[in-house]
Amino acid sequence: MGRITYREALRQALRQEMRRDSSVFLLGEDIGKCWGGAFKVTEGLAEEFGDERVRDTPISESTIIGAGVGAAITGMRPVAEIMFGDLSALAMDQIANQAAKIRYMFGGQASCPLVIRTPFGAGVNIASHHSQSLEAWFMHVPGLQVAVPSTPYDAKGLLATAIRGNNPVFFCEHKLLYPIEGEVPEEEYTVPFGVADVKRKGSDVTVVATMYMVHKALKAAAALENEGVNVEVIDPRTLTPLDKKTIIDSVKKTGRMVVVSEDCKTAGVSAEIASIVAEEAIDYLDSAIKRVTAADTPIPFSPPLEQYIIPNEQTIIKAIKEIL
Amino acid sequence: MTFPLSKAQRVQMLRKMLEIRFFEEKVFELYGQNLVPGTIHLYAGEEAVAVGVCSSLRQDDYITSTHRGHGHCIAKGAELKRIMAEILGKKTGYCKGKGGSMHIADFAVGMLGATAVVGAGLPIAVGAGLSAKLKKTDQVTACFFGEGASNQGTFHESLNLASAWLLPVVFVCENNLYAMGTRQSRIMNIENISERAAAYGINGECLDGNDVLAVFDASQKAVNLARNGGGPSLIECKTYRRRGHSRVDPAKYRPKEEVEAWLAKDPIKWFKQTLLADGTLSPAETQSLELEVADEVEQAVKFALESPYPAPEEALDDVYG
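Quantities reported herein were computed from a predicted structural model and do not represent experimental measurements.

1. Notes on the overall build of chain A
Part 1: Secondary structure summary: chain A contains twelve helices and 14 strands in total.
Part 2: Expected size for 324 residues packed as a compact globule is a radius of gyration near 20 Å; at 19 Å, chain A falls within 12% of this value.
Part 3: In chain A, which comprises 324 residues, the share counted as buried stands at 58%.
Part 4: Of the contacts formed within chain A by residues at least 6 apart in sequence, a portion of 80% connects residues at least 24 apart.

2. Some thoughts on the overall build of chain B
Part 1: The helix and strand tally for chain B stands at eleven helices and eight strands.
Part 2: Relative to the globule expectation of 20 Å for 321 residues, the C-alpha radius of gyration of chain B, 19 Å, shows essentially globular dimensions.
Part 3: Taken along its principal axes, the extent of the C-alpha atoms in chain B is 55 × 50 × 40 Å.
Part 4: Looking at chain B residue by residue over its 321 residues, the buried ones come to 54%.
Part 5: The contacts of chain B with a sequence gap of at least 6 include a subset with a gap of at least 24, amounting to 76%.

3. Points about the sheet that holds strand S11 (residues 231-235) of chain A
All names here are of chain A.
Part 1: The five strands lie next to each other as S9-S11-S10-S13-S14, forming an open sheet whose pairing is mixed. One side of each edge strand has no neighbouring strand; the edge strands of this open sheet are strand S9 (197-200) and strand S14 (290-294). The average undirected angle you get between the axes of adjacent strands in this sheet is 25°.
Part 2: Along the sheet, helix H8 (residues 212-225) contacts S9, strand S10 (205-209), S11 and strand S13 (257-264); its crossing angle with S11, the most-contacted strand, is approximately 170°.
Part 3: Against the sheet, helix H10 (residues 269-281) makes contact with S10, S13 and S14, and its axis sits at roughly 155° relative to S13, the strand it touches most.

4. What to know about the confidence of the model for chain B
Part 1: For chain B, mean pLDDT is 97; residues scoring 70 or higher make up 100% of the total.
Part 2: Both confidence scores are given for the complex: pTM 0.97, ipTM 0.97.

5. Examining the nonpolar core
Part 1: Core analysis: the largest hydrophobic core is formed by 187 residues, its most contacted members being A:Val207, A:Ala217, A:Val258, B:Met17, B:Cys143, B:Val170 and B:Val172.
Part 2: Each of domain 1 (2-184) and domain 2 (197-323) of chain A gives at least three residues to this core.
Part 3: Ignoring any residue separated from it by four or fewer positions in sequence, one finds A:Val207 in contact with A:Ala217, A:Ala221, A:Val231, A:Glu232, A:Val233, A:Val258 and A:Val260.
Part 4: In terms of nonpolar packing, the next biggest core, distinct from the first, is built from five residues, A:Ala122, A:Ala294, A:Ile299 and A:Ile310 among them.

6. What to know about the sheet that holds strand S3 (residues 141-146) of chain B
All names here are of chain B.
Part 1: Strand order in the open sheet formed by six strands is S2-S1-S3-S4-S8-S7, and the pairing between neighbours is parallel. Edge positions in the sheet fall to strand S2 (111-114) and strand S7 (203-208), since each of these pairs with one other strand and no more. In this sheet, neighbouring strand axes are inclined to one another by 15° on average, regardless of whether the strands run parallel or antiparallel.
Part 2: Examined bridge by bridge, S3 and strand S4 (residues 169-175) share six bridges and lie parallel to one another. Within the sheet, the bridge partner assigned to Thr141 lies in S4 and is Val169.
Part 3: Strand contacts of helix H8 (residues 212-227): S4, S7 and strand S8 (233-238), with the helix running at about 170° to S8, the strand carrying the most contacts.

7. Re the interface of chain B and chain A
Part 1: Residue-level contacts link 35 residues of chain B with 35 residues of chain A.
Part 2: Within the residue set of the side of chain B that touches chain A, elements represented by two or more residues are S2, helix H5 (121-135) and helix H6 (153-164) of chain B.
Part 3: Looking at the side of chain B that touches chain A element by element, the count peaks at ten residues for H5(B).
Part 4: Residue composition of the side of chain B that touches chain A, grouped by class: 19 nonpolar, eleven polar and five charged.

8. Focus on the environment of A:Ala220
All names here are of chain A.
Part 1: Relative to the elements of secondary structure, Ala220 occurs in helix H8.
Part 2: Once the C-alpha coordinates of Ala220 and Ala72 are considered, the two residues, 148 residues apart in sequence, prove to be 42 Å apart.
Part 3: Sequence-distant contacts of Ala220, that is, excluding residues within four places in its chain, are made with Glu313, Ile316, Ile317 and Ile320.

9. Description of the packing of H8(A) against helix H12 (residues 313-323) of chain A
Residues and elements named next belong to chain A.
Part 1: Two numbers describe how H8 lies on H12: the axes approach to 9 Å, and their chain directions differ by 60°. Regarding the angle of H8 to H12, the classification is oblique. Judged by the twist between their axes, the crossing of H8 over H12 is right-handed. Contacts between H8 and H12 involve Lys216, Ala217, Lys219, Ala220, Ala223 and Leu224 from the first element and Glu313, Ile316, Ile317 and Ile320 from the second.
Part 2: Tallied by class, the residues present in the contact of H8 with H12 amount to seven nonpolar, no polar and three charged.

10. Looking at the domain arrangement of chain A
Residues and elements named next belong to chain A.
Part 1: Partitioning chain A into domains gives domain 1 (2-184) and domain 2 (197-323).
Part 2: Here the C-alpha centroids of domain 1 and domain 2 sit 26 Å apart.
Part 3: Partitioned by chemical class, the residues of the side of domain 1 that touches domain 2 number 14 nonpolar, ten polar and two charged.

11. Description of the pairing of S8(B)
As a general feature of sheets, a regular strand has side chains that alternate between the two faces.
Residues and elements named next belong to chain B.
Part 1: By the criterion of burial, S8 is predominantly enclosed, with six of the six residues buried.
Part 2: Here S8 shows a buried face lined by Ser233, Ile235 and Cys237 and a second buried face lined by Leu234, Glu236 and Lys238.
Part 3: Direction of pairing for S4 relative to S8: parallel, over a ladder of six bridges. Among the inter-strand pairings, Phe171 is bridged to a residue of S8, identified as Leu234.
Part 4: Once the chain exits S7 it traverses H8 before rejoining the sheet at S8, and the crossover so formed is right-handed.

12. Re the pairing of strand S2 (residues 24-28) of chain A
Residues and elements named next belong to chain A.
Part 1: A large share of S2 lies buried, amounting to five of its five residues.
Part 2: With three bridges connecting them, S2 and strand S3 (residues 54-56) associate as parallel partners. Pairing of Gly28 across the sheet is with Asp56, part of S3.

Rules of the game
Residues numbered from 1 in each chain as written. Chains lettered and ligands numbered in written order. Predicted model: local features only at pLDDT ≥ 70, side-chain atom pairs only at ≥ 80, totals over all residues. Helix = DSSP H or I, 4+ residues; strand = E, 2+ residues; numbered from the N terminus. Rg over C-alpha atoms; globule rule 2.2 N^0.38 Å. Buried ≥ 20, exposed ≤ 12 C-beta atoms within 10 Å, placed from the backbone. Contact = placed C-beta atoms within 7 Å. Pairing = 2+ DSSP bridges. Axes fitted to C-alpha atoms, helices over the stretch in contact; angles between N-to-C directions. pLDDT = per-residue confidence, 0-100. Core = buried A, V, L, I, M, F, W, Y, C linked by C-beta atoms within 7 Å. Domains from an automatic or database assignment. Nonpolar A, V, L, I, M, F, W, Y, C, P; charged D, E, K, R; others polar. Parallel < 35°, antiparallel > 145°, perpendicular 65-115°, else oblique. Left-handed = near helix turned anticlockwise from the far one by under 90°. Right-handed = clockwise from strand over helix to strand, strands pointing away.

Here it is, written out as structure tokens:
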């Protein structure tokens, strides 16, 4: 066990999976020797595995994913990187109509074990085309799995699970998580999909948070502890499949829920989680469900504008206090 | 011909073309009897393309296909009865009734499936080519698409990438002159899609897509190049569909003279005459071949009609593995 960053944890998973299984290969823009990935996740891998298995591609998102699909249905395990999550829009047909549906529409004849890694998230002032959180788009496509790791430990274990599985996985990373450090075993391990992690135990209110918002929620919980409020923080870790049971069990205990997510409010991650609880556990609720999300706007550039629309410790604390 | 064909091979090619023609005519007939749910895009008239190309492939080679895909399936060796069952939405179909006419696949014969999004099969073919290259097999992928798809961004992306990585892919453009109802000349300033090959530094050939021998020859050359590490090629086959774009389309946008001229160049009629003229087949042999194929198609229809529908709750299976 050592302390490494989220970025290094992802790289360790890629390296270990590539060593373990020769059908695993990487493709994406500037992921090779010259750059090592825009966020350096793949740095050093081309040196170890060569250009054939760490493939720099042209700027052709649709064909990066489509080539991944074609390779996946013919026996390979590609891991494609889309440099920024926003650019997944360019590849949407291949992700949503092809990768996601190939198993189903061909009656189970084919598997598409393709992993698509991409960073989402605001906070580094790169405006509307490089900062969105679009996880919900992919939750809405049956056939895709959606992973949203918040810690280095989860990042490594979930990525290994994604690569070893037989479904297409949309693997969401967050720019602000890359430098975050945490304890990570050096050896191979997997973190199962569909199993939430209780990041902090509590009894007064359930906070369900994803990705970078997990860390903001934990800070809010620590601050509230001084005021005698006991917050439970749940990280679903994968949105598809979603561990409804852990969330509902927590709500049964606390009777209150706040959902914190960096995507937009309308038809977003928080909307889905709130509806599940409303549908399946409303009798256990002692107050309305609160959602703390980004505003329903594109992501603005100027720092005060950007900060204003993204959830923070204070907005989370405020939402919790409103339902206590 | 650069690549001579044995008598048996030539007869087999005619047989496959007849299978496609009779199959499609039967699908049209069943459609008229309200037995085919949804829509259909018939391959009749374009048989020489699928058969010419697939005759140059091995069984372990791959193809990708389109919404107009029945002919590709048949040419690659899929079973008529399971294709027909799929078109009728039956449990015994290749996709257990989940795909239908526009999404038939038979992975056992390298038919990687039909995608109904125009242009979406090209990147997937690139990936299948990449897979063969990485696994160091010598499998080739043939990618069928229409001239309409050549205006999608995926055409550019895919030909560029396949060329840059020297992937074993043969891009086969089935140019039937119309993207649904839009004539090529109204939306493109070039006549031959094959000219675009120059932009990717690969070979481009334009040929009579109703001449199965010409298609086979060009395809065999491209397949050999791909198999030997020479990278992709683009083959444009000029052809024509006998019927409209889909079931609801009487194709009134096509001038009568144009339709008549193309029907006169019917690929099956031409090939049959060729085989009769060069003594490959006698009239009696031709007739018995036609009867055999017609019977095979009848058997496929019988199988499909007698097959059960899937249980409704099977709709929930196969989303994840």
